[in-house]
Amino acid sequence: MKVLKFGGTSVGSVKSMLLLQRIVEKEAKKQPVIVVVSALGGITDSLIATSQLAKNGDERWKELFDEMVDRHHKMVDTIITDPQSREQLFTTIDALFEQLRSIYFGVFLIRDLSEKTQNAIVSYGERLSSNIVSVLVRGSKWFDSRQFIKTYRKNGKHTLNSELTNQLVQQTFATLPRISLVPGFISMDEHTDEITNLGRGGSDYTAAIIAAALDAEVLEIWTDVDGFMTADPKMIKSAYTIAELSYIEAMELCNFGAKVIYPPTIYPVCVKNIPIKVKNTFNPDGQGTIIKQKVNASPKPIRGISSINGTALITVAGLSMVGVIGVNRRIFTALANNGISVFMVSQASSENSTSIGVIEKDVDEAVKVLNEEFAKEIEMGAMFPMQVLTGLSTIAIVGENMKHIPCIAGKLFGTLGRSGISVIAFAQGASETNISFVVDAQYLRKSLNVIHDSFFLSEYQELNLFICGIGTVGSMLIEQIKQQYEHLKNSSRLKLKVIGIANSRQMLFDRNGIDLSTYREKLQQSSPCTPNMLQEEIVKMNIFNSVFVDCTASKEISDLYQSLLDHNINIVTTNKIAASSDYADYALLKETALTKGVKFKFETNVGAGLPIIGTINDLIHSGDTILKIEAVLSGTLNFIFNEISQDVPFSQTVVRAKECGYSEPDPRIDLSGTDVIRKLVILTREAGYKIEQKDVEKNLFVPDSYFQGTVEEFWKNLPTLDPEFEEKRQVLEKEDKKWRFVACMEKGKAKVSLQAVAKNHPFYNLEGSNNIVLLTTERYKEYPMLIQGYGAGASVTAAGVFANIMSIANI
């Protein structure tokens, strides 16, 4: 035989009731079944709420009561089609409701609600639902669980009398009907015959007690989820069903917030080695989760992650605790005597402090109890008053496989640290089945996601992107991400999720990912944006594995980097301002990224998609020394000096550079050499030298007067330079030379200048908007390393940004 338990959601609607009927009748064809049911979903809460209104003398108790009656009547009307059966059932449930109405009226009259009365009231939920199900399921027989589930009073609480209950269960079901129907949760005191209960979630316990007493083949828990999940799916979208768990793993997950089954359920069936199957009433063909003694080995170090929100830490501390026997006994005895449960203990090896975790609603009473227990020691100064931290969440990673794999704790805390999450306290038993730790509640979602991803419970690694700037480079990047999404997902198990997009006016956020096919339309209808508003929203979202991608040339946006890094957000940027700003600011950004364990990537600051900065970093890290850098670093200027000819004057080449998207939005930045100076400063710094922009020697080719005034005035005046440039160009043509705007650094000294290079120079044949860099190092002294390729253009720059993003994902 088997025992099937159906929870509140499985009896809460017409649809679920009919599914229950189908499941039970199908199973009963194979073997006898005992079916345990909870109250209709939400009814237990309604019973309690109604009793509180009655106790307070509030006439609205009658309205809530009538709503419960009406709900049960509608359920019967809909699912019981046989008129005679329906009338008999109405007689039964109306009699129960009449009893319940009398109890409520009595509470209302005397304005008092005793524990005994409250227990009687909440028992009606299961009594009503089980009677309805017993009529719905053909051939079933109803049993009153109060007659065989017996409790006694201990330390002010109702405790199961296991020995007596087992005897009565065996007697009651000595002759087993094909289908037995039992109300869960409720019980009776063995001495006084008062109605008692097994606590919230006690229907699971009822089913387990019966299964164990009768040596059932299996206990099935039917609920509204497909089984135990690797984590809370409301917090982690990629959480999935765990196929099997050991009893110990299931118990650990239940004790730390996994609300799939009631924790005491596991003990009775574990002793008898009876497996538990957790199944979904709404997906009966789903695999579900099976809980048993021995499970198959898993390649993953942990089985699941569970959490409890609304927790508090109480720290008992004092010098008198060191080496004194019995302090912890006093702590736990005092709390136990007052009915306060401790779910976690963390003690320093010095023994001068012990931190205990309690539910937040118990913290005030716990502090009062402990301060009273140690009142003399506190008065003498040997101990401190209890210290309390609230607003916390407790997380547990669970898996028996952890004991076979070294460094799990190290990986856990390293992962949390890199995400900017501080662990307040932690505990791990010698069995190595559970590592529990406490964090600030605001970091709960982020903690769960980063752990889930790090321990490869997720099918995919996720990177969450905030993209700022959707001009030519930003929009091209979004298009590339859209095109590569499926390839990366299938080949590298990587999901690139764009969760934020902003321009200078508006910003759009979606924690679950923005549809990149319609982002422009959605952005137009989204929230207004300023740099401060953008930063506040990103920090407030508190997303794990997040990357801020700056595709702007804005100083206001680059000013956000320090705060974002401080909040453990990776940065990938095309914006050259930060890396070329004051050296102290640049160094602080680099140091912050290093300290926080996040990445600050700016490869596209120089050479668009060319691997220039990365190559310099690799040379330095491998012990080489950069002696000299010679480079043509402006794709815009190289394009201009390649385009200039007898037919295309200088001013026209500048216009063409802007039309082709090679120049900055204000081309004066290129022509003034500012862009090249910034790039040279960045390369010099990455090569290991301290330098500021003002230290760069400048030999420019456009007079300063042309950079004064507005952009419109610049375009108007620019053609006046054409005759001078044409005259010089003709001289160059006769000498078979070409102009190149060259950046040079030698042993920390830097300069930029327009140079005429001969035919045998490596820079002579540089075409279009290409860049070229010559690196002379200790190792590449005789034959410098040469890097050459496209140095401008939206497509290659976006590709360089994309490559930086991939490097953060270690792909």
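Bear in mind that the values here come from a model prediction, so they are computed numbers and not experimental data.

S.K.: Help me understand the layout of surface pockets, please; the structure alone is not making it clear to me.
M.R.: In this approach, a probe sized like a water molecule rolls over the atoms, and the result shows the empty space that is left. Taken as a whole, the second largest pocket encloses approximately 930 Å³ of empty space. For the second largest pocket, the lining is made up of 45 residues, of which Val473, Cys551, Ala553, Glu664 and Pro665 are closest to its centre. Contributing elements (two or more residues each) for the lining of the second largest pocket: helix 15 (472–491), helix 17 (531–541), helix 22 (635–643), helix 25 (674–686) and helix 28 (794–808). Split by residue class, the lining of the second largest pocket holds 16 nonpolar, 21 polar and 8 charged.

S.K.: Just checking my understanding: could you explain the packing of helix 2 (residues 43–55) against helix 3 (residues 61–79) for this structure?
M.R.: Remark: helix 2 packs on helix 3, axes separated minimally by 8 Å, with the N-to-C direction vectors making an angle of 155°. When the axis of helix 2 is compared with that of helix 3, the two are roughly antiparallel. Where helix 2 crosses over helix 3, the two elements pack in a sense that is left-handed. Counting all contacts with helix 2, which are made through Ile43, Ser46, Leu47, Ala49, Thr50, Leu53 and Ala54, the residues of helix 3 involved are Trp61, Leu64, Phe65, Met68, Arg71 and His72.

S.K.: When you look at the packing of helix 3 against helix 4 (residues 83–110) in this model, what are you seeing that I'm missing?
M.R.: When two helices pack together, their arrangement is captured by the angle between the axes and the distance separating the axes. Two elements in contact, helix 3 and helix 4, have axes separated by 11 Å at closest approach and are oriented at 170°. On the basis of the axis angle, helix 3 is roughly antiparallel to helix 4. Each of Trp61, Phe65, Asp66, Met68, Val69, His72, His73, Val76 and Asp77 in helix 3 lies in contact with helix 4, whose residues at this interface are Arg86, Leu89, Phe90, Ile93, Asp94, Phe97, Leu100, Arg101, Tyr104, Phe105 and Phe108. Of the residues in the contact of helix 3 with helix 4, the class split is 13 nonpolar, 2 polar and 5 charged.

S.K.: Could you clarify how one ought to interpret helix 7 (residues 202–213) in this entry?
M.R.: In an α-helix, one turn spans 3.6 residues; hence positions three or four apart end up facing the same way. In a regular helix each residue adds 1.5 Å, so 12 residues correspond to 16 Å; helix 7 covers 16 Å between its end C-alpha atoms and thus fits that length. When you tally the buried positions in helix 7, you get 12 out of 12 residues, the bulk of the element. Burial in helix 7 covers these residues: Gly202, Ser203, Asp204, Tyr205, Thr206, Ala207, Ala208, Ile209, Ile210, Ala211, Ala212 and Ala213.

S.K.: Quick question: what am I supposed to make of the pattern of salt bridges here?
M.R.: In a structure, side chains of opposite charge can pair up when their charged atoms sit close to one another. In total, this model carries 36 salt bridges according to the counting rule given. The partner of Glu115 in a salt bridge is Arg153, and the shortest N-O contact between them spans 2.7 Å. In this pair, Glu115 is assigned in helix 5 (residues 115–136) and Arg153 in strand 4 (residues 150–154), connecting sequence segments 38 residues apart. In this structure Arg153 comes out as partly exposed when scored by relative accessible area, which is 43%. Here Lys576 makes a salt bridge to Asp675, at a shortest N to O gap of 3.2 Å. In this pair, Lys576 is assigned in the loop between strand 24 (570–573) and helix 20 (583–596) and Asp675 in helix 25, connecting sequence segments 99 residues apart. What emerges from the salt-bridge pattern is a single network uniting Lys2, Glu27, Lys30 and Glu220.

S.K.: Hey, could you run me through the sheet that holds strand 14 (residues 344–347) in this one?
M.R.: Strand pairing within a sheet occurs via backbone hydrogen bonds; the two strands may be parallel or antiparallel. In spatial order, the strands read 14-15-13-16-18-17; together these 6 strands make up an open sheet with antiparallel pairing. Unpaired on one side and paired on the other, strand 14 and strand 17 (425–428) mark the two borders of the sheet. In this sheet, neighbouring strand axes are inclined to one another by 30° on average, regardless of whether the strands run parallel or antiparallel. As paired elements, strand 14 and strand 15 (residues 353–359) share 4 bridges and run antiparallel to each other.

S.K.: Can you walk me through the sheet that holds strand 3 (residues 140–142) in this structure?
M.R.: Judged by pairing direction, the sheet is mixed, and its 8 strands sit side by side in the order 3-6-2-1-9-11-12-10 without closing on themselves. On the outer flanks of this sheet lie strand 3 and strand 10 (244–246), each paired with one strand and no other. Across the sheet, the mean angle from the axis of one strand to that of its neighbour is 20°, orientation sign disregarded. As judged from the 3 bridges shared by strand 10 and strand 12 (residues 289–292), these two strands associate in the parallel manner. In the sheet register, Ser246 faces strand 12, and the bridge partner there is Lys292. Docked against the sheet, helix 8 (residues 247–255) engages strand 10 and strand 12, running at close to 90° with respect to strand 10.

S.K.: What exactly am I supposed to notice about the nonpolar core here?
M.R.: Soluble globular proteins tend to pack their nonpolar side chains together in the buried interior. Core analysis: the biggest nonpolar cluster contains 73 residues, and Leu534, Phe548, Ile629, Phe650, Leu671 and Phe701 have the highest contact counts within it. Among the elements that take part in this core, helix 25 stands out by supplying 6 residues, more than any other. The contact partners of Leu671, leaving out residues within four places of it in the chain, are Leu637, Ile640, Phe650, Val654, Phe701, Val702, Phe707 and Phe714. One finds Ile79, Ile80, Ile121 and Trp222 within the second-largest nonpolar core, a separate group that totals 45 residues.

S.K.: I keep staring at the pairing of strand 18 (residues 434–440) and nothing clicks. Help me out?
M.R.: Regular strands place side chains that alternate from one sheet face to the opposite one. Along strand 18, 6 of the 7 residues are buried, which leaves the element largely enclosed by surrounding structure. Bridge analysis of strand 16 (residues 387–398) against strand 18 gives 7 bridges, and the strand direction is antiparallel. Looking across to strand 18, one finds that Ile397 is bridged to Ile435. Sheet topology places strand 17 next to strand 18; 4 bridges connect them, and they run antiparallel. Bridging across to strand 18, Ala427 finds its partner in Ser436. Taken together, strand 17 and the strand that follows it, strand 18, pair antiparallel across an intervening segment of 5 residues, in which Glu432 is found at a positive phi of about 60°.

S.K.: Honestly, the confidence of the model for the chain in this entry has me stumped. Any pointers?
M.R.: Fine structural detail should not be taken from predicted coordinates in areas where pLDDT scores are low. Model confidence for the chain is summarised by a mean pLDDT of 92, while 99% of its residues fall at 70 or above. In the model of the chain, helix 13 (residues 408–418) stands out as the element of lowest mean pLDDT, 86, in contrast to strand 24, which has the highest, 98.

S.K.: How should unusual backbone geometry be read in this particular structure?
M.R.: Among all residues except glycine, the phi angle is most often negative; among peptide bonds, the trans geometry is most common. Here the phi dihedral of Arg111 falls at roughly 55°; this positive angle occurs in a residue that is not glycine. Along the chain, Arg111 turns up in the loop between helix 4 and helix 5. Within the chain, Lys747 stands out as a residue other than glycine whose phi angle is a positive 50°. Looking at the secondary structure, you find Lys747 in the loop between strand 28 (738–746) and strand 29 (749–757).

S.K.: What am I meant to see in the packing of aromatic side chains here?
M.R.: Where two aromatic rings form a pair, the distance of their centres and the angle of their planes describe that pair. Per the stated rule, a full pass over the model turns up 21 aromatic pairs. On the basis of an interplanar angle of 45° and a centroid distance of 6.3 Å, the ring pair of Trp61 and Phe108 is categorised as tilted. With Trp61 in helix 3 and Phe108 in helix 4, this residue pair connects regions lying 47 residues apart in the sequence. Pair check on accessibility: Trp61 and Phe108 agree, each one buried. With a centroid separation of 4.9 Å and 55° between ring planes, the pair formed by Phe600 and Phe602 is classed as tilted. There is no split in this pair, since Phe600 and Phe602 are both buried. Through a chain of ring-to-ring contacts, three or more aromatic side chains come together here, namely Phe641, Phe650, Phe701, Phe725, Trp739 and Phe741. Of note, Arg127 hangs over the ring of Tyr124, and the distance from its end group to the ring centre comes to 4.3 Å.

Analysis parameters
- Residues numbered from 1 in each chain as written.
- Predicted model: local features only at pLDDT ≥ 70, side-chain atom pairs only at ≥ 80, totals over all residues.
- Heavy atoms only, no water.
- 1 Å grid on protein atoms, 1.4 Å probe; cavity = no way out; pocket = protein on both sides within 12 Å on 5 of 7 lines; lining within 4 Å.
- Points joined across faces, edges and corners; volume = space filled by probe spheres on them.
- Helix = DSSP H or I, 4+ residues; strand = E, 2+ residues; numbered from the N terminus.
- Nonpolar A, V, L, I, M, F, W, Y, C, P; charged D, E, K, R; others polar.
- Axes fitted to C-alpha atoms, helices over the stretch in contact; angles between N-to-C directions.
- Parallel < 35°, antiparallel > 145°, perpendicular 65-115°, else oblique.
- Left-handed = near helix turned anticlockwise from the far one by under 90°.
- Contact = heavy atoms within 4.5 Å.
- Expected span 1.5 Å × (residues − 1).
- Buried < 20%, exposed > 50% of the residue type's maximum accessible area, 1.4 Å probe, protein only.
- Salt bridge = Lys/Arg side-chain N within 4 Å of Asp/Glu carboxyl O.
- Pairing = 2+ DSSP bridges.
- Core = buried A, V, L, I, M, F, W, Y, C linked by side-chain atoms within 4.5 Å.
- pLDDT = per-residue confidence, 0-100.
- Phe/Tyr/Trp six-rings, centres within 6.5 Å; stacked < 30°, edge-to-face > 60°.
- Lys NZ or Arg CZ within 6 Å of the ring centre and 35° of its normal.

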